Amino acid sequence: DDTQNQIDAYIKKFGGQNDTSLTTIRQDLKKLDTKDEYKNIKTKLEDMAFRINTSLEDFLSRLNSSKNTIQSLKEQIKELQIQLEKTAAQATNDFLTGLYTKRAFESELERVENEYKNKHLPYCLCFFDVDHFKNINDTYGHMFGDEVLSRVSEIIRSDLNARGVAGRFGGDEF
């Protein structure tokens, strides 16, 4: 009777009453009369425990593999986010001067105009170009011309307040 209780507890622990293999074992236990029959049931339970353990190991292996896949995907997503940020910066900022591109400046100007309309905040707009810039490029070369544009953009940035926005419209136009 004590052995029967131990076996019932073991069956409940490893599957409950809904599993057909366990139900069959339970029915077989009720018919037992000899130690050989108990040994037979013990063998069935050990086989079932082995199958459960094997299934669990397989599940854990697949789970670990999934974790590795998820980690790899997270790393790929992070790299793609970095690339997206770089691409967005390249689309927004002029590569030579670091100022807004024409498109980004126009978008920012639209935002400022809407702010003016809604909140009546004043703003100032200034356009200029570098006089005789073509002559600078032709006389001293494009690398020198790039340096002139870069220095002009530094001067512009240094004179902006915290809310100021500057952009390069193209060539020597700011």
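Check the entry above for the structure.
Enquirer: Kindly report on a nonpolar patch on the surface, identifying the contributing residues and their values.
Expert: Side chains of Leu56, Phe59, Leu60 and Leu63 sit close together on the surface and give an oily, nonpolar patch of about 360 Å² of accessible area. With respect to the secondary-structure elements, leucine 60 resides in helix H3 (residues 35-92). Judged by relative accessible area, leucine 60 falls into the partly exposed class, the value being 44%.

Enquirer: Tell me about the layout of surface pockets, residues and numbers included.
Expert: One number sums up the size of the largest pocket: a volume of about 550 Å³. As for the largest pocket, its lining consists of 22 residues, of which Cys124, Leu125, Leu160, Gly164 and Val165 are closest to the centre. At six residues, the largest contribution of residues to the lining of the largest pocket is made by helix H4 (residues 102-119). Residue composition of the lining of the largest pocket, by class: 16 nonpolar, two polar and four charged.

Enquirer: Can you explain the environment of asparagine 135? Please cite residues and give values.
Expert: Note on placement: asparagine 135 falls in helix H5 (residues 133-140). Expressed as a C-alpha distance, the spacing of asparagine 135 and glycine 145, which sit 10 residues apart in the sequence, is 9.4 Å.

Enquirer: Explain the packing of aromatic side chains residue by residue, including any values.
Expert: Evaluated as defined, the whole model comprises six aromatic pairs. Ring geometry for phenylalanine 105 against phenylalanine 127: centres 6.5 Å apart, planes inclined by 80°, an arrangement best described as edge-to-face. Separated by 22 residues along the polypeptide, phenylalanine 105 in helix H4 and phenylalanine 127 in the loop between H4 and H5 bring together distant segments of the chain. By relative accessible area, which is 46% here, phenylalanine 127 ends up partly exposed. On the basis of an interplanar angle of 25° and a centroid distance of 5.7 Å, the ring pair of phenylalanine 128 and phenylalanine 174 is categorised as stacked. Of this pair, phenylalanine 128 sits in the loop between H4 and H5 while phenylalanine 174 sits in the segment after helix H6 (142-159), placing them 46 residues apart in sequence. Phenylalanine 174 gets classed as buried once you look at its relative accessible area, which sits at 6%. A connected cluster of aromatic rings, assembled from ring pairs, spans Phe105, Phe127 and Phe169.

Enquirer: Please set out the nonpolar core residue by residue, giving values where relevant.
Expert: Among the nonpolar cores identified, the biggest contains nine residues, and these are Leu99, Val130, Phe133, Ile136, Leu149, Val152, Ile156, Ala166 and Phe174. Sorting the residues of this core by element identifies H5 and H6 as the ones contributing at least two each. Counting residues per element, this core draws most heavily on H6, at three residues. Beyond its immediate sequence surroundings of up to four residues, leucine 149 is in contact with Leu96, Thr97, Phe133, Arg168, Gly171, Asp172 and Phe174.

Enquirer: Pulling in residues and values, what's your account of H3?
Expert: Along its 58 residues, H3 runs 83 Å from first to last C-alpha, staying within 8% of the 86 Å computed at 1.5 Å per residue. Where H3 is concerned, the buried positions are Ile41, Leu45 and Met48.

Enquirer: Can you tell me about unusual backbone geometry, naming the residues and giving the values?
Expert: One non-glycine residue, histidine 120, lies in the positive phi region at around 55°. Note on placement: histidine 120 falls in the loop between H4 and H5. The phi dihedral of histidine 132 falls on the positive side, at around 60°, and the residue is not glycine. Within the secondary structure layout, histidine 132 lies in the loop between H4 and H5.

Definitions and cut-offs
Residues numbered from 1 in each chain as written. Predicted model: local features only at pLDDT ≥ 70, side-chain atom pairs only at ≥ 80, totals over all residues. Heavy atoms only, no water. Patch = residues over 30% accessible without salt bridge, like charges linked within 9 Å, V, L, I, M, F, W, Y side chains within 5 Å. Areas by Shrake-Rupley, 256 points an atom, 1.4 Å probe, with all protein chains shown as cover. Salt bridge = Lys/Arg side-chain N within 4 Å of Asp/Glu carboxyl O. Helix = DSSP H or I, 4+ residues; strand = E, 2+ residues; numbered from the N terminus. Buried < 20%, exposed > 50% of the residue type's maximum accessible area, 1.4 Å probe, protein only. 1 Å grid on protein atoms, 1.4 Å probe; cavity = no way out; pocket = protein on both sides within 12 Å on 5 of 7 lines; lining within 4 Å. Points joined across faces, edges and corners; volume = space filled by probe spheres on them. Nonpolar A, V, L, I, M, F, W, Y, C, P; charged D, E, K, R; others polar. Phe/Tyr/Trp six-rings, centres within 6.5 Å; stacked < 30°, edge-to-face > 60°. Core = buried A, V, L, I, M, F, W, Y, C linked by side-chain atoms within 4.5 Å. Contact = heavy atoms within 4.5 Å. Expected span 1.5 Å × (residues − 1).

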